[in-house]
Amino acid sequence: MDAFSSTLKRWTGSFADPRLFQIFSLGILLAAGAYFRDFSIRPSQVVMTFVAGLLMQTACWRLTPSKPRTLRSAIITCLSLTLLLRADNLIAHPIAAAAAISSKSLFRFRGKHLFNPATFGIIFAIVFLPGTWVSPGQWGQDLAIAGWVVMLGMLVTSRARRGDISWTFLAFYLGALALRVEYLGQRFAVWTHQLESGALLLFAFFMISDPMTGPNDRRGRIAHAALVAAIAYAWQFRFYYTNGLIWALFIAAVCVPVWDAIWPARKFEWTQNGGGHVSSANADTRFGDVDSGSTDSRRAA
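Residues numbered from 1 in each chain as written. Predicted model: local features only at pLDDT ≥ 70, side-chain atom pairs only at ≥ 80, totals over all residues. Heavy atoms only, no water.

S.K.: Sorry, what's going on with the nonpolar core here?
M.R.: The tendency in soluble globular proteins is for nonpolar side chains to be buried side by side. Membership of the largest hydrophobic core comes to 51 residues, with the highest contact counts inside it found for Leu-26, Phe-169, Leu-170, Tyr-173, Phe-203, Phe-206 and Val-228. If we ignore the near neighbours within four places in the chain, the residues touching Leu-170 are Gly-175, Leu-200, Leu-201, Ala-204 and Phe-205. Leu-85, Ala-92, Ala-96 and Leu-129 belong to the second largest nonpolar core, which has six residues in total. (Core = buried A, V, L, I, M, F, W, Y, C linked by side-chain atoms within 4.5 Å. Buried < 20%, exposed > 50% of the residue type's maximum accessible area, 1.4 Å probe, protein only. Contact = heavy atoms within 4.5 Å.)

S.K.: Before we go on, may I ask you to explain the pattern of salt bridges in this structure?
M.R.: A side chain with one charge may pair with a side chain of the opposite charge, provided their charged atoms come close. This structure, assessed with the given rule, holds five salt bridges. With a closest N to O distance of 3.2 Å, Arg-218 and Asp-164 form a salt bridge. One end of the pair, Arg-218, is in helix H11 (residues 218–238); the other, Asp-164, is in helix H8 (residues 163–184), and 54 residues separate them in sequence. When the shortest N-O distance is used, the salt bridge between Arg-219 and Asp-217 registers 2.9 Å. Arg-219 gets classed as partly exposed once you look at its relative accessible area, which sits at 49%. Ionic contacts of the salt-bridge type, sharing partners, join the residues Asp-164, Arg-218 and Arg-221 into one network. (Salt bridge = Lys/Arg side-chain N within 4 Å of Asp/Glu carboxyl O. Helix = DSSP H or I, 4+ residues; strand = E, 2+ residues; numbered from the N terminus.)

Here it is, written out as structure tokens:
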């Protein structure tokens, strides 16, 4: 009976993992986009993305043996790549997926991987792989699509306790766009047109809100959101480059250790049965003992 209760508890606890809701949400977006929006990605590219990403995740377990052995984060990365990255060949997507997953083990600082994996994979692809591009406009400006992204994004960020960075980023970025519209004397419809962008909301609720690569403290997350918004705005409207949001998150990633040093806090860790805050390896003892999440991590490793 005890064994059955323990098994049942693990099963029910696993459904509390925010990554399951994120996989479900991104899967809906990919399926709906492919069916209703005619996403220009071939089924073979999707399959090869997942094969390469999951195989690389399995190989990387040897580099971080203390982490829970789960494919959930790798699946999220592969879904994000298939949603945003486009290529005119079959090899770009699997290479980008392998680069994205391996970046979690290769670029680390004080126990955290530095770059959001999907962001790294996209930047790697558009810089080094010919025939690749980002397709942010494929969502269209349909308010209904944007509304679905917001609803699903709110679900994910609330369960991972990272909604503050999403809303802060949107406040700064959309506020800057509103000031620009006012300064140029444009109609208010220009701003609402930008507000309805599904790609913007996808970025805000599914990429910048990644708890593993964002600052640990709420104050750091607010500062980071403001910095990403400023870089994205300057990238697009000052220098007139494309893919401002992706590049902004990639560039600002080097500042996360700075925010963590200024405002120390417990580091977020995924466990086998969900997410929990545990003290980082180099954290000061004033933050207290490692909570039960670390026990789950060691058990799942």
